[in-house]
Amino acid sequence: QVQLVESGGGSVQAGGSLRLSCAASGRTFSSYAMGWFRQAPGKEREFVAAVSRSVAYADSVKGRFTIWRDNAKNTVYLQMNSLKPEDTAVYYCAARVSTPAIATTVLGYSYWGQGTQVTVSS
C-alpha cells in the first residue's frame, strides 16, 4: 500500500512554469513505477508522463515537461515549462508496482493521489 500527496499546483500565465511534487508514503518507493495524469473538465483522465526504469511522455507535453524521481525523498516531480492554456487540468500522481514496461493507461496504476489544480491563462 502506498499513499500519494501532490503539491505545487497553481495559476500561471501562458509560457510560465510550475513544478509539481508527489510525496509517497512507505519504505518501498523505489519499487514503484510512478506516473502523472491529468483531467480537464468534461474530459477523460489522460497520461502525461511516467518514470520506471525509463521515462515516457505524452506527445502533447514532450519537450516541455520533465519527470524525475528522488528515491531518497520518496518523491516524484513534474517540471512543466512553456505552459499552455490547454494544459489546464487537475494533475494526479499515480503509482504501480514496477515492471519493465512503462504504463500509460489509467488502469495500469493501482494508487492515486487526490490531485492538484493547474490553471494556465492566456
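Right above here is the structure, for reference.
Residues numbered from 1 in each chain as written. Predicted model: local features only at pLDDT ≥ 70, side-chain atom pairs only at ≥ 80, totals over all residues. Heavy atoms only, no water.

K.L.:
Would you explain the sheet that holds strand β3 (residues 18–24) in this entry?
P.N.:
Where strands meet in a sheet, backbone hydrogen bonds hold them as pairs that are either parallel or antiparallel. The antiparallel open sheet is built from four strands, whose spatial order is β1-β3-β8-β7. Each having just a single partner strand, β1 (4–7) and β7 (65–70) make up the two edges of the open sheet. When the angles between neighbouring strand axes are averaged without regard to direction, this sheet yields 15°. With six bridges joining them, β3 and strand β8 (residues 75–80) adopt antiparallel strand pairing. (Pairing = 2+ DSSP bridges. Helix = DSSP H or I, 4+ residues; strand = E, 2+ residues; numbered from the N terminus. Axes fitted to C-alpha atoms, helices over the stretch in contact; angles between N-to-C directions.)

K.L.:
Got a minute to help me understand the environment of Val12 in this structure?
P.N.:
Within the secondary structure layout, Val12 lies in strand β2 (residues 10–13). Between the C-alpha atoms of Val12 and Ser122, which are 110 residues apart in sequence, the distance is 9.0 Å. Excluding anything up to four places from it in sequence, Val12 contacts Ser17, Leu18, Leu83, Thr119, Val120 and Ser121. (Contact = heavy atoms within 4.5 Å.)

K.L.:
Sorry, what's going on with the state of the cysteines here?
P.N.:
Between two cysteines, a covalent bond joining their sulfur atoms is known as a disulfide. Applying the stated criterion across every chain, the model contains one disulfide. Note that Cys22 is cross-linked by a disulfide to Cys93, the S-S spacing being 2.1 Å. On the sign convention where negative means left-handed, the S-S torsion of about -80° between Cys22 and Cys93 marks this disulfide as left-handed. Separated by 71 residues along the polypeptide, Cys22 in strand β3 and Cys93 in strand β9 (residues 89–97) bring together distant segments of the chain. Here Cys22 falls in the buried class, since its relative accessible area comes to 0%. The buried category is assigned to Cys93, whose relative accessible area is 0%. (Disulfide = S-S within 2.5 Å. Buried < 20%, exposed > 50% of the residue type's maximum accessible area, 1.4 Å probe, protein only.)

K.L.:
Looking at this structure, how should I read the layout of surface pockets?
P.N.:
Gaps left between atoms show up when a probe the size of a water molecule is rolled over them. Considered as a void within the structure, the largest pocket measures approximately 170 Å³ in volume. For the lining of the largest pocket, a count of residues per class yields two nonpolar, three polar and eight charged. (1 Å grid on protein atoms, 1.4 Å probe; cavity = no way out; pocket = protein on both sides within 12 Å on 5 of 7 lines; lining within 4 Å. Points joined across faces, edges and corners; volume = space filled by probe spheres on them. Nonpolar A, V, L, I, M, F, W, Y, C, P; charged D, E, K, R; others polar.)

K.L.:
How should I be thinking about the packing of aromatic side chains in this particular structure?
P.N.:
The final tally for this structure, using the stated rule, is six aromatic pairs. Taking the centre distance of 6.0 Å and the plane angle of 80° together, the rings of Tyr32 and Tyr111 count as edge-to-face. Within this pair, whereas Tyr32 is found in strand β4 (residues 32–39), its partner Tyr111 is found in strand β10 (residues 111–112), the two being separated by 79 residues in sequence. The same class applies to Tyr32 as to Tyr111, namely buried. Aromatic side chains Phe37 and Tyr109 sit 5.3 Å apart centroid to centroid with 75° between the ring planes, which places their arrangement in the edge-to-face category. Of this pair, Phe37 sits in strand β4 while Tyr109 sits in the loop between β9 and β10; the two residues are 72 residues apart in sequence, bridging distant segments of the chain. (Phe/Tyr/Trp six-rings, centres within 6.5 Å; stacked < 30°, edge-to-face > 60°.)

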